[in-house]
Amino acid sequence: MKGNLCKIGLLGMGNIGTGSYMVLEKEREGIKARTGIDFEFVKILEKFVDRPRPVKVPLEKFTQNPADIFEDPEIDVVVELLGGIHPAVDFMVDAMNHGKHVVTANKAAVADSYELLRDTAEKNRVMFRYEASVGGAIPCLTAIENALLANRYEEVYGILNGTTNYILTKMGDEGLDYETALAQAKEKGFAEPNPTADVEGIDVANKLSILLALCFGVRVRPDDIPRTGITGVTKADIEAARSRGNVIKLIANAHYEDGRLVYSVKPTELPADHMLAAVKNELNALWLKTTEAQELMFYGKGAGPLPTGSAIMGDVIDIGRAIAKQAAYDIVVPGKTE
Ligand code: HSE
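Residues numbered from 1 in each chain as written. Predicted model: local features only at pLDDT ≥ 70, side-chain atom pairs only at ≥ 80, totals over all residues. Heavy atoms only, no water.

**Describing helix 12 (residues 305-324)**
Quick note on the threshold: Here a strand is any run of E in DSSP of at least two residues, a helix any run of H or I of at least four, and the numbering for each starts at the N terminus. In this scheme, a helix's expected span is set at 1.5 Å multiplied by one less than its residue total. Here's how the labels work: a residue is buried when its accessible area is under 20% of the maximum for its type, exposed when over 50%, partly exposed in between, all with a 1.4 Å probe on protein chains only. Working rule for contacts: check all heavy atoms of both residues, and any pair within 4.5 Å makes them a contact.
Here helix 12 is 20 residues long and its end C-alpha atoms lie 28 Å apart, about the 28 Å a rise of 1.5 Å per residue gives. Among all positions of helix 12, only Thr308, Gly309, Ala311, Ile312, Met313, Asp315, Val316, Ile317, Ile319, Gly320, Ala322 and Ile323 are buried. Where helix 12 is buried, its residues contact strand 1 (5-11), helix 1 (15-35), strand 2 (38-45), strand 4 (77-80), strand 5 (101-104) and strand 6 (128-129). Of the residues flanking the end of helix 12, it is Gln326, one or two places downstream, whose phi is positive at about 55°.

Following this line, the structure appears as structure tokens:
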């Protein structure tokens, strides 16, 4: 970092890349005042330069060549928002091998290549942060990796996908059909580019895989998590649940049964007065039972460009502050699995 300017390279300017850029545009002066560091997106890897965006981006910031970012000695932090596993993982590894700190919201990539990404960060003595990959704006991973480090985990329950929670809410509360509710979720920028990942529970399995690593220190690949999505949930199911005083939510859970850790992602009937039943639309919630802090619930926007951009910029700012203190490296990797 030269002077107090922290330069960011961005990989991918879709919904979430645009949201992150907008968060920094709006908040740049305040962030500078609060941290003493000025942050700027200086280069952006993006094919669709002309895509209509709610923010003006100088054309000279765009590039089609990732090396323009990795090999630029002035870039401190690379933010990966391409989505998918490849080439996202390869790019993150390449960036770290060039000494860049990396921030991502890409739960599929983190869940797939958790050890590789953390080991590469450790080897290169750079920081790797992925708060936005679970729960959008909710700072749950930061809490797990910092404030809750004195705890062991007993139970984890979460509503961790904005799109499916939006669809189930609209079907239940407004009588919308599945297709209309999904179309709205896409329009609002909640859904994945291929919403199958949302509605089949794959996105939630990725997030639960990350939580299993951080909370329980176990590495469970997303494909090994028993999973049912919401495509089989009908209006009739929702009505029947309602007649029993219940609501249906897509729940990720992990808990112990007879001393064995069990986990799954599945549509679950909850009593209408359950805390997680009150989590509507694109809101997410993570309920944790730990040994010392005991019961906690995190709640907030789990999807959408600005909320997700907030979490991404939080990670970037954290890294910028660590660089300024000359402490920007992950030596002992918190939550590292065996
Ligand atoms: N498609 C995801 C969701 C985005 O709907 O929650 C945030 O991870």
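**Topic: the packing of aromatic side chains**
Test applied: Ring pairs are drawn from Phe, Tyr and Trp, using the six-membered ring of Trp, whenever the two centres fall within 6.5 Å, and their geometry is named by plane angle: stacked under 30 degrees, edge-to-face over 60, tilted for the rest.
In the structure shown here, the tally under the stated rule is eight aromatic pairs. With a centroid separation of 5.6 Å and 25° between ring planes, the pair formed by Tyr21 and Phe41 is classed as stacked. With Tyr21 in helix 1 and Phe41 in strand 2, the pair connects residues that are 20 residues apart, well separated along the chain. Judged by relative accessible area, Tyr21 falls into the buried class, the value being 5%. The interplanar angle of 80° and the centroid separation of 6.5 Å between the aromatic rings of Tyr114 and Tyr130 together place this pair among those described as edge-to-face. Placement of the pair is Tyr114 in helix 5 (residues 114-124) and Tyr130 in the loop between strand 6 and helix 6 (140-145), with a sequence separation of 16 residues. In this structure Tyr114 comes out as buried when scored by relative accessible area, which is 2%. Each residue in the set Tyr114, Phe128 and Tyr130 is aromatic and connected to the rest through ring pairs, giving one cluster.

**Considerations on the pattern of salt bridges**
As a reminder, the rule being used: We define a salt bridge as a contact between a side-chain nitrogen of Lys or Arg and a carboxyl oxygen of Asp or Glu at a distance within 4 Å.
Throughout the structure, instances matching the rule amount to 20 salt bridges. Residue Lys107 pairs with Asp203 through a salt bridge whose shortest N-O separation is 3.1 Å. With a gap of 96 residues between them, Lys107 in helix 4 (residues 107-112) and Asp203 in helix 10 (residues 202-216) connect regions that are remote in the sequence. Residue Lys107 shares its accessibility class with Asp203, and that shared class is buried. Each of Arg28, Asp38, Glu40 and Lys61 takes part in a single network of salt bridges with overlapping partners.

**Looking at the domain arrangement of the protein**
The following threshold applies: The domain limits used here are those given by an automatic or database domain assignment. Once two parts are put together, the accessible area they lose, assessed with a 1.4 Å probe and summed over both, is termed the buried area. By the criterion applied in these results, polar contacts are pairs of N or O atoms within 3.5 Å in which, for protein atoms, one can donate a hydrogen and the other can accept it, and in which residues neighboring in sequence qualify only through two side-chain atoms.
When cut into domains, the protein gives domain 1 (5-136 + 305-324) and domain 2 (142-300). In this structure, domain 1 and domain 2 have C-alpha centres spaced 26 Å apart. Across the boundary between the two partners, domain 1 contributes 16 residues, which contact 18 residues of domain 2. In total, domain 1 and domain 2 occlude about 1400 Å² of area from one another, counting both sides; carbon and sulfur atoms represent 53% of this. Its largest share of buried area at the contact with domain 2, domain 1 owes to Lys107, Ala111 and Val134, together 38% of the area lost on that side. Along the contact surface separating domain 1 from domain 2 lie eight residue pairs in polar contact (both at pLDDT 80 or more). Mapped by element, the contributors of at least two residues to the side of domain 1 that touches domain 2 are helix 4 and helix 5.

**A look at the site of the ligand**
Our working rule: A cutoff of 4 Å decides nearness: a residue is near a molecule or strand if any of its heavy atoms lies inside that distance of it. Only the protein chains shown count as covering a residue, and every accessible area follows the Shrake-Rupley method with a 1.4 Å probe. A cavity here means a set of points on a 1 Å grid, drawn over the protein atoms and nothing else, where a 1.4 Å probe fits but cannot get out; a pocket is an open set with protein on both sides within 12 Å along at least five of seven lines, and a residue lines either one if it has an atom within 4 Å of a point. More than half of a molecule's atoms lying within 2 Å of a cavity's or pocket's grid points is what places that molecule inside it.
The environment of the ligand is made up of Lys107, Asn161, Gly162, Thr163, Phe190, Ala191, Glu192, Asp198, Asp203, Lys207, Gly302 and Ala303. At a separation of 2.7 Å, an oxygen atom of the ligand approaches a polar side-chain atom of Lys107. Glu192 places a polar side-chain atom, nitrogen or oxygen, 2.6 Å from a nitrogen atom of the ligand. Protein coverage of the free-state accessible area of the ligand, which is 260 Å², stands at 93%. Assessed atom by atom at 2 Å from the grid points, the ligand resides in the largest pocket. Mapped onto the shell around the ligand, the elements with two or more residues apiece are helix 7 (162-174) and helix 10.

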